[in-house]
Amino acid sequence: MTDNKNEEQTLENETIEESAAEAVFAEEEIPAEENDGPVEKDELQLAHEKIAELEAKIEEMDNRYLRLQADFDNSRRRAKLDMEAAQKYRVQSIASDLVEALDNFERATKIEAENEQTKSLLSGLEMVYKAITGALAKEGIEPISSVGEEFDPRLHQAVMQVQDENFGSNIVVEEFQKGYLLKDRVIRPAMVKVNE
């Protein structure tokens, strides 16, 4: 029986000690919400502001990157177009000089030959003229057709106007100087006489 009594006494003492400990802790406990509440709210607000600031910087950097990428693509495209144009029209400067020489060859071939020596010389000039025009044609340089065509201010330069019943209105009647095209670009417009 003594054992039972001792056990009951021990249990009762433990219960009293636990109650006393709980009372001590309850008195010392300070609510965390009252002490730490405003500090946590300020820190949380600062964290949200910092996040918003960083997100804005990221968006700005993304926009700057996209603009730079677009500028780079445009520059690359422009450079490619410039290279293609330079390749396409590479002979323009020499062609401009050669058309003057072609004019002189044409005038020379229209001379009337009086003897065999002059005929032989004219025959040689015609061969050189054909060789030059053939080489220019390979590069895309062609004469502009004028007589009998409708006047086109992009291709023709009117230096005279006439009234001729044999031709319709605004039709080229005569060509004074040949014009030349390099592919789709006018090297020199044709000088022409136009019917009114």
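Read on for a plain summary of the structure.

What counts and what doesn't
- Residues numbered from 1 in each chain as written.
- Predicted model: local features only at pLDDT ≥ 70, side-chain atom pairs only at ≥ 80, totals over all residues.
- Heavy atoms only, no water.
- Pairing = 2+ DSSP bridges.
- Helix = DSSP H or I, 4+ residues; strand = E, 2+ residues; numbered from the N terminus.
- Axes fitted to C-alpha atoms, helices over the stretch in contact; angles between N-to-C directions.
- Contact = heavy atoms within 4.5 Å.
- Buried < 20%, exposed > 50% of the residue type's maximum accessible area, 1.4 Å probe, protein only.

So, about the sheet that holds strand 3 (residues 172-177). Spatial strand order, 2-6-3: three strands in an open sheet with mixed pairing. Every interior strand has two partners, whereas the edge strands, strand 2 (156-162) and strand 3, have only one. The sheet shows a mean angle of 30° between the axes of neighbouring strands, taken without regard to direction. For strand 2 and strand 6 (residues 190-195), the ladder comprises six bridges, and the chain directions are parallel. Residue pairing across strands places Val-162 opposite Asn-195, the latter belonging to strand 6.

Within the element layout of this structure, Tyr-89 appears in the loop between helix 2 (32-88) and helix 3 (92-109). A C-alpha to C-alpha distance of 9.1 Å links Tyr-89 and Glu-139, two positions 50 residues apart in sequence. Apart from the residues lying within four places of it in its own chain, the contact partners of Tyr-89 are Leu-182, Lys-183, Asp-184 and Arg-185.

Summarising the element assignment, Leu-136 is placed in helix 4 (residues 116-138). What makes Leu-136 buried here is its relative accessible area of 8%. In this structure, the C-alpha to C-alpha distance between Leu-136 and Leu-98, residues 38 residues apart in sequence, is 9.0 Å. Not counting chain neighbours up to four residues away, the residues in contact with Leu-136 comprise Leu-98, Leu-102 and Ile-141.

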